[in-house]
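Overview (structure and organization)
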Amino acid sequence: MHHPIPRPTAALLLVLPILQGTSPRDDGQWTMPAKDYAATRYSGLSQITAANAPKLRALWSFSTGVLGGHEGQPLVVGSTMYVVTPFPNVLYAFDLTREGYPLKWKYRPDVNPSAVGIACCDAINRGAVYADGKIVYNLLDGHTVAVDAVNGRELWKTQIADIGQGETTPMAPFIAGNRVIVGPSGGEFGIYGWVKGLDLATGKILWTAHNMGPDSLMLARPGRGSYIGDANIGVSTWSGDSWRRGGAPVWGWFSYDPQLDLIYFGTGNPGPYNTEQRPGENKWTNSVLARRPGDGALVWAYQFTPHDSWDYDSNAEMILADLVVGGRMRKVLVHFDKNGFAYTLDRATGELLVAEPFANVTWAKGINRTTGVPIVDTTKTTGASRGNVKGICPSLEGGKSPASPSAYSPRTGLFYTATNNLCMNFEAAPVTRIPGTPYIGATTPYYAGPGGNMGEFIAWDAARGRKVWGIKEKFPVWSGSVVTAGDVVFYGTLDGWFKAADARTGRQLWKFKVGSGVVGAPISFRGPDGKQYVAIYAGIGGDWFLLSGDVRSDDPADVRPPADFAAELGRHTSQGGIVWIFGL
Amino acid sequence: MPPAGDLQNPFATDSTNVADGSKIFSSMNCDGCHGGGATGWVGPSLVDGRWRYGGTDGALFQSIFYGRPKGMPAYGGILSPGAIWKIVSYIRAQPVPVTVPTESWK
């Protein structure tokens, strides 16, 4: 099923010494969701190689006692592993120095169960972050907590979001310097999207920056700094006051360039799905924003999908790398959007360098490289007056889900990502906003795209915008990935396999059945014994809580028919959270 | 849940009230959680004959009026009792399958 092609070209290999020179030796820990500020999910550990990966074996597992979708990843700080569960957001601390990795402590926050019904797509959590002796993470009900990493005591708890307005908080906070950066979910609930900067020491909210609306609320200062937008573009690209309930949630991942002092993050879809209730480009929904972590000031932004007609959120990670593009070394940002295009941008200015499809795309013929605007096939534009629009690819699950973060290896120069091969029909309808209830207005059945395989795990050359190899999968691939200095890449599948492949060729090396579908992201760390390990969550959920059919068995009043487009999925998985550790 | 007592739907379950209830079900975004046709999405199906909090007129009215844990909002402050009863009429008018359609793989 895989398609090996020759190794990366000489041009890519030539830049390796420079890149390796800038990477400090791996300390064996995993202290933030994406491993490093650049969000590479690259582990510098090299004991596990393509040669010995077939000998990997399961060494430890732990049932979290929670059935929701286990997205995100554990942390390893020193000799302790930390695991945050989906709602009710239990934090476990495991002692890696002792046999069986017993618990040191667990932290049981008081989380409002009403939040479960405000979360669009299962009561998931995308993980914690460590800094300055604190484990910081979000509770689903709109609170950020900081817990003492040594003893599990709560140090501070701050309300950041309002479930009464449709805001929930499953994303993993990001820490840049002494700022904790957080954002809300709620693109399906008519929220007014934002990011906030909290003081790491106290939890105090120091700034709030909205993603649309007047410049004063976006913390945008046109004409100053390098902000590229026109004055009040966050109002003028909307009709009336539709920006006030226009969505733009922030539920994905962050990255940070300390030299430029910029944080990067993607915003989600505009609401409602019915485009006719929000004429205009709807800036800055479905965009990447670059802000100063200190005060939140907006420096530049780029919109991937203007006036989104298909729920193409842009919450996927922005991976920072130094690549030779068009013969020049560039400081870039690489992003796999739900809309099916992979983008390579200059991260200092937002200049578009490369935009090529990595998945099957029918909604656009391409991206105009000069204007940065997609060349839309208007027969695929949706809206309440346009009836049932058919044959839209990718589906609103995305060519790749932001819930499945990619990895980048400076050794191979390649990006590794899960992808989905689904298409959809889209029938929009008018909808009224009632705070705390869904604000959607569309019916969107899916079907498998060309070839019938609903997913593929691929390696991508972001300098040229092309796929290097791919491993086709029967079901959509919804897991994150990690790539290592041993040139091994790991990912999981919805039917419950955890797999290793050769990062250079895509040759499959090893797989293990982990007990439930994988929607989490693997990590690699060095244990107190000096050995390299790989950890992953099993536990299907997230969108697949909605889509898989009858994969829950905890509620006699909730028995679901099988998924219409993937009826076989329930044959291979049910819900259930398990943490796994593998080693040689 | 305790029995909901003898609360009776004051509206006849005629086609007009059922049609009104269907419109309210979608205009109040009930379908956003319970799915089009109330067949289930984030929230459970309301047409499979299985009930977490009871399926009588009174139990349904209470679920809608006061809300329920895990996300069902309290509509008592948003909708009139009459409108809630029409939603009850709509839900109660839906045919219930003899068996829940789970899968058996060959």
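Residues and elements named next belong to chain A. Going through the model one piece at a time under the given rule, you end up with two disulfides over all chains. Across a sulfur-sulfur distance of 1.9 Å, cysteine 120 and cysteine 121 are joined as a disulfide pair. Since a negative S-S torsion denotes a left-handed disulfide, the cysteine 120-cysteine 121 link at about -100° is left-handed. The class for cysteine 121 is buried, based on a relative accessible area of 17%.

Counting from both sides, the interface comprises 30 residues of chain A and, opposite them, 24 residues of chain B. Between the two partners, chain A and chain B, sit one salt bridge. At the boundary of chain A with chain B, the tally comes to seven residue pairs in polar contact (both at pLDDT 80 or more). If you list the elements that add at least two residues to the side of chain A that touches chain B, you get α3 (115-118) and α6 (543-547) of chain A. Here the side of chain A that touches chain B takes three residues from α6(A), the largest share from any one element. Classifying every residue of the side of chain A that touches chain B by side-chain character gives 17 nonpolar, six polar and seven charged.

Residue and element names in this part refer to chain A. Counting 61 residues, the largest nonpolar core has Met81, Tyr82, Leu91, Tyr137 and Phe490 as its most contacted members. Tallying contributions element by element places strand β38 (residues 532-538) first for this core, with six residues. Those residues in contact with phenylalanine 490 that sit more than four places away from it in its chain are Ile48, Leu56, Gly480, Ser481, Val482, Thr484, Phe498, Lys499, Ala500, Trp510, Pro522 and Val534. Ranked by size, the runner-up nonpolar core spans 51 residues in total, among them Ala290, Val299, Tyr302 and Tyr312.

Residue and element names in this part refer to chain A. In this structure, alanine 503 sits in the loop between β35 (497-502) and β36 (508-513). Sequence separation of alanine 503 and glycine 520 is 17 residues, and the distance between their C-alpha atoms is 20 Å. Those residues in contact with alanine 503 that sit more than four places away from it in its chain are Thr412, Leu414, Tyr416, Trp469, Val483, Asp487, Val488 and Val489.

Now for the confidence of the model for chain A. Residues with a pLDDT of 70 or more make up 95% of chain A, whose mean pLDDT is 94. Of the regions scoring below 50 in pLDDT, residues 1-22 of chain A engages in 37 contacts with residues more than four places distant in sequence or in other chains.

Residue and element names in this part refer to chain A. The full count for this structure, using the stated rule, is 29 salt bridges over all chains. Measuring nitrogen to oxygen at the nearest pair gives 3.4 Å for the salt bridge that ties aspartate 322 to arginine 347. Of this pair, aspartate 322 sits in strand β19 (residues 319-325) while arginine 347 sits in the loop between β21 (341-346) and β22 (352-357), placing them 25 residues apart in sequence. A salt bridge links lysine 499 to glutamate 473; the nearest nitrogen and oxygen atoms lie 2.9 Å apart. With lysine 499 in strand β35 and glutamate 473 in strand β32 (residues 466-473), this residue pair connects regions lying 26 residues apart in the sequence. As far as burial versus exposure is concerned, lysine 499 and glutamate 473 are alike and both buried.

Attention now moves to the sheet that holds strand β8 (residues 134-139) of chain A. Residues and elements named next belong to chain A. The antiparallel open sheet is built from four strands, whose spatial order is β7-β8-β9-β10. Across the chains shown, the open sheet's two edge strands, defined by having one partner strand only, are β7 (129-131) and β10 (154-159). The mean angle between the axes of side-by-side strands here comes to 20°, regardless of whether they run parallel or antiparallel. The sheet contact formed by strand β9 (residues 143-148) and β10 spans five bridges and is antiparallel. Considered in β10, the bridge of threonine 144 is made with threonine 158.

Reading the values: the criteria
- The residue numbering used here restarts from 1 in each chain and proceeds along that chain's sequence as written.
- The order in which chains are written sets their letters, starting at A; the order in which ligands are written sets their numbers, starting at 1.
- Thresholds applied to this predicted model are a pLDDT of at least 70 for local features of residues and 80 or more for the giving and counting of side-chain atom pairs; totals over whole chains, interfaces and linings are not thresholded and use all residues.
- Computation of side-chain values covers all heavy atoms of the structure but excludes hydrogens and water.
- When two cysteine sulfur atoms are found within 2.5 Å, that pair is recorded as a disulfide.
- Under the scheme applied here, a residue whose accessible area is under 20% of the maximum for its type counts as buried, over 50% as exposed, and between as partly exposed, the area being computed with a 1.4 Å probe on protein chains only.
- Contacts: residue pairs with any heavy atoms within 4.5 Å of one another.
- Whenever a carboxyl oxygen of Asp or Glu lies within 4 Å of a side-chain nitrogen of Lys or Arg, that contact is scored as a salt bridge.
- Between N or O atoms, a polar contact is any pair within 3.5 Å; within protein, one atom must be a potential hydrogen donor and the other a potential acceptor, and residues adjacent in sequence are included only when both atoms are from side chains.
- Secondary structure elements follow DSSP: runs of H or I of four or more residues count as helices, runs of E of two or more count as strands, with numbering from the N terminus.
- Only Asp, Glu, Lys and Arg are considered charged, only Ala, Val, Leu, Ile, Met, Phe, Trp, Tyr, Cys and Pro nonpolar, and every remaining residue, Gly among them, polar.
- Residues enter a nonpolar core if they are buried and are Ala, Val, Leu, Ile, Met, Phe, Trp, Tyr or Cys, with the set joined through side-chain atoms within 4.5 Å.
- Residue-level confidence of the predictor is summarised by pLDDT, bounded by 0 at the bottom and 100 at the top.
- Two strands qualify as a pair provided DSSP detects at least 2 bridges between them.
- To get an axis, a line is fitted to the C-alpha atoms, and for a helix only the part in contact is used. The angle between two axes follows their N-to-C directions and goes from 0 to 180 degrees.

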